[in-house]
Amino acid sequence: MSTSTSSSHGHLFKLITLVALTLVIGCSATWEVSHNTEFYWRKIHVHVENDITPNKMMELHCKSKDDDLGLRSLEYKESFSWKFKINFSKTTLFFCYMGWNGTDGKLVQGSFEIYSAKRDRTRCGTQCYWSARKDGVFSPSSEGYQVMYPWPTNSTLLLRD
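No experiment lies behind these values; they were computed from the predicted model shown.

## Examining the sheet that holds strand β8 (residues 136-141)
Logical step 1: Pairing is mixed across the open sheet formed by 5 strands, whose spatial order is β4-β1-β7-β8-β9. Lying at the two open borders of the sheet, with one neighbouring strand each, are β4 (79-84) and β9 (144-149). Strand-to-strand twist of the sheet, defined as the mean angle between neighbouring strand axes without regard to direction, takes the value 25°.
Logical step 2: Relative to strand β7 (residues 127-133), strand β1 (residues 44-50) is paired through 6 bridges, and the arrangement is parallel. By the bridge assignment, H45 is partnered in β7 with Q127.

## As for the confidence of the model for the protein chain
Logical step 1: Of all residues in the protein chain, 70% attain a pLDDT of 70 or more, and the chain-wide mean is 81.
Logical step 2: Contacts from residues 156-161, a stretch scored under 50 in pLDDT, to residues over four places away or in other chains number 17 contacts.

## Overview of the nonpolar core
Logical step 1: Counting 29 residues, the largest nonpolar core has V46, V48, L60, W82, M98, I114 and Y115 as the members making the most contacts within it.
Logical step 2: Contributing elements (two or more residues each) for this core: β1, β2 (58-64), β3 (68-74), β4, β5 (93-101), β6 (107-116) and β7.
Logical step 3: Ignoring sequence-local partners within four residues, the contact set of V46 consists of F80, S81, W82, F84, I114, Y115, C128 and W130.

## Regarding the state of the cysteines
Logical step 1: Applying the stated criterion across every chain, the model contains 2 disulfides.
Logical step 2: The side chain of C62 participates in a disulfide bridge whose partner is C96; the two sulfur atoms lie 1.9 Å from each other. Across the S-S bond of C62 and C96 the torsion is about 110°, and the bridge reads as right-handed. Here C62 is found in strand β2, whereas its partner C96 is found in strand β5, with 34 residues between them in sequence. This pair shows no difference in class: C62 is buried, exactly as C96 is.
Logical step 3: With a sulfur-sulfur separation of 2.1 Å, C124 is cross-linked through a disulfide to C128. The exposure classification of C124 matches that of C128, with both residues buried.

Cut-off values and rules
- Residues numbered from 1 in each chain as written.
- Predicted model: local features only at pLDDT ≥ 70, side-chain atom pairs only at ≥ 80, totals over all residues.
- Heavy atoms only, no water.
- Pairing = 2+ DSSP bridges.
- Helix = DSSP H or I, 4+ residues; strand = E, 2+ residues; numbered from the N terminus.
- Axes fitted to C-alpha atoms, helices over the stretch in contact; angles between N-to-C directions.
- pLDDT = per-residue confidence, 0-100.
- Contact = heavy atoms within 4.5 Å.
- Core = buried A, V, L, I, M, F, W, Y, C linked by side-chain atoms within 4.5 Å.
- Buried < 20%, exposed > 50% of the residue type's maximum accessible area, 1.4 Å probe, protein only.
- Disulfide = S-S within 2.5 Å.

If you want it as structure tokens, here you go:
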């Protein structure tokens, strides 16, 4: 009888251990799925502001593989914003062309990766801010706004006024 009792206690212990492990694995897998997919359901807002200098217009043309947001002319302190959802493979990517006439009459321009899901999901959260300034394109960080992209130095064409 003691052999039978210890054998049934052994099976009961194995069964309880198996159920406990199944619960732990199931809960952690559920958390992982919800943690990684929660971002897919939220809209991302991107904001680009012309902070170059008073009375200076900036041309802005943003697009992704699937969406062309059109050419915009932004006055000083004016911003352009749009919203979207990240694709399932986390490869959502928006580029923006920006250009403005420098004080020497030359066009200052560049194309920049303004939203990359791989980089910005954690860096920006659901609000991604950009500030175009005389010395580059800035984005907020824990230390304040920091230059992410300096303006390329080979600009020579003029924009329309």
